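If you want the building blocks of each chain, they are given just below.
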Amino acid sequence: EEAAAAAGVTVEELTSKSPDGTVYDDEPMLEPPRENVSNAMKERLMREASTGLDSNASQTNTILYISVGVAILVLLGGQGILY
């Protein structure tokens, strides 16, 4: 009511939907948000997200292994150039 009075309009005008269906950030949501993801998809996403993110399990150092491999290849390939 205070916002309507400050804007110079009625409460009904503030709470009514616009004719073209646009909703602005400062307007209250009149309808609860829909759930557009099925329960099966939610379960699949939760399983997929939890596969490599366990903080209690040890993680492999893949980047370390790749870096060592690249360094060895650079040393072997640059024998006549680097040293």
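Residues numbered from 1 in each chain as written. Predicted model: local features only at pLDDT ≥ 70, side-chain atom pairs only at ≥ 80, totals over all residues. Heavy atoms only, no water.

Here's the deal with the overall build of the protein chain
Definition in use: Helix numbering and strand numbering both begin at the N terminus, where a helix is a DSSP run of H or I of at least 4 residues and a strand a DSSP run of E of at least 2. Throughout, the Shrake-Rupley method with a 1.4 Å probe supplies accessible areas, and for residues the shown protein chains are the sole cover considered.
Scanning the protein chain for helices and strands turns up five helices and zero strands. Mapped from its N terminus to its C terminus, the protein chain presents α and β elements in the order α-α-α-α-α. About 8,000 Å² of surface is accessible on the protein chain, with carbon and sulfur atoms providing 59% of the total.

A word on a nonpolar patch on the surface
The criterion, for reference: Here the term patch refers to residues with relative accessible area over 30% and no salt bridge, with like charges joined within 9 Å and nonpolar side chains (Val, Leu, Ile, Met, Phe, Trp, Tyr) within 5 Å. Just to be clear on terms, a salt bridge is a Lys or Arg side-chain nitrogen sitting within 4 Å of an Asp or Glu carboxyl oxygen.
A cluster of nonpolar side chains, Leu64, Tyr65, Val68, Ile72 and Leu76, forms an exposed patch at the surface whose accessible area comes to about 510 Å². By the element assignment, isoleucine 72 lies in helix H4 (residues 62-77).

Quick notes on the confidence of the model for the protein chain
Formally: Each residue carries a pLDDT score, the predictor's confidence in it, ranging from 0 to 100.
When pLDDT is averaged along the protein chain, the result is 77; 69% of the residues meet or exceed 70. Within the protein chain, no element has a lower average pLDDT than helix H2 (residues 11-15), which sits at 70, and none a higher one than H4, at 92.

Observations regarding helix H3 (residues 39-50)
Operational definition: Expected span of a helix: the number of residues minus one, times 1.5 Å. Burial classes: relative accessible area under 20% of the type maximum marks a residue as buried, over 50% as exposed, and values in between as partly exposed (1.4 Å probe, protein chains only).
Spanning twelve residues, H3 covers 17 Å between terminal C-alpha atoms, matching the ideal 16 Å at 1.5 Å per step. Counting buried residues along H3, only zero of its twelve residues qualify, which leaves the element largely exposed.

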